[in-house]
Amino acid sequence: MDSQQPVSTARELLGGIAPKLLELTEQVLFGDVWERPGLSKRDRSLITVSALIALNRTEQLPFHLERGLANGLTREELVEAITHLAFYSGWPTSVSAAMIAKDVFKQDG
């Protein structure tokens, strides 16, 4: 996944409705936070996916699962994180995440 992918996706979702949120997404989140050297993009993806699962933010999860795969996470690592989180964020959040991952993995090939 190239660095423009998150920006173009954000632009499609937010461009016409929330221009300031789009600006913050492009410039701060993906332009600064994701580019900081303290963590690899792979690690940032694992953290982000874990937070989305724990908070039951299923709408953003497919994008970040795909981004995680592009950033070097394996399907097995993502499934292990989903399983591990069942004990910390609740069974339903992990079951929902597993179903979303199943769909993402099908699309990914």
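Residues numbered from 1 in each chain as written. Predicted model: local features only at pLDDT ≥ 70, side-chain atom pairs only at ≥ 80, totals over all residues. Heavy atoms only, no water.

A short note on a nonpolar patch on the surface
Put simply, the rule is: Patches here are clusters of residues that have more than 30% relative accessible area and form no salt bridge, with a 9 Å joining cutoff for like charges and a 5 Å cutoff for nonpolar side chains (Val, Leu, Ile, Met, Phe, Trp, Tyr). Only the protein chains shown count as cover for residues, with accessible areas throughout obtained via the Shrake-Rupley method and a probe of 1.4 Å. The salt bridge criterion pairs a side-chain nitrogen of Lys or Arg with a carboxyl oxygen of Asp or Glu, the two atoms within 4 Å. Elements are defined by DSSP. Helices are runs of H or I of four residues or more, strands are runs of E of two residues or more, and each kind is numbered from the N terminus. Exposure categories follow from relative accessible area, calculated using a 1.4 Å probe and restricted to protein chains: below 20% of the type maximum is buried, above 50% is exposed, and the middle band is partly exposed.
On the surface, F87, Y88, W91, V95 and M99 cluster together to form a nonpolar patch covering roughly 650 Å² of accessible area. For the nonpolar patch, the secondary structure elements donating two or more residues are helix 5 (75–89) and helix 6 (91–108). Tracing the backbone through its elements, the reader meets V95 in helix 6. Residue V95 is classed as partly exposed on the basis of its relative accessible area of 42%.

So, helix 5
Every α-helical turn comprises 3.6 residues, leaving residues that sit three or four positions apart pointing alike. Defined as follows: Each residue after the first adds 1.5 Å to the expected span of a helix. We call two residues in contact whenever any of their non-hydrogen atoms come within 4.5 Å of each other.
The end-to-end C-alpha separation of helix 5 is 20 Å, in line with the 21 Å expected for 15 residues at 1.5 Å each. Among the residues of helix 5, L78, A81, I82, L85 and A86 are the ones counted as buried. At its buried positions, helix 5 is contacted by helix 3 (41–54), helix 4 (61–70) and helix 6. A positive backbone phi angle near 110° is found at G90, which sits one or two residues after helix 5.

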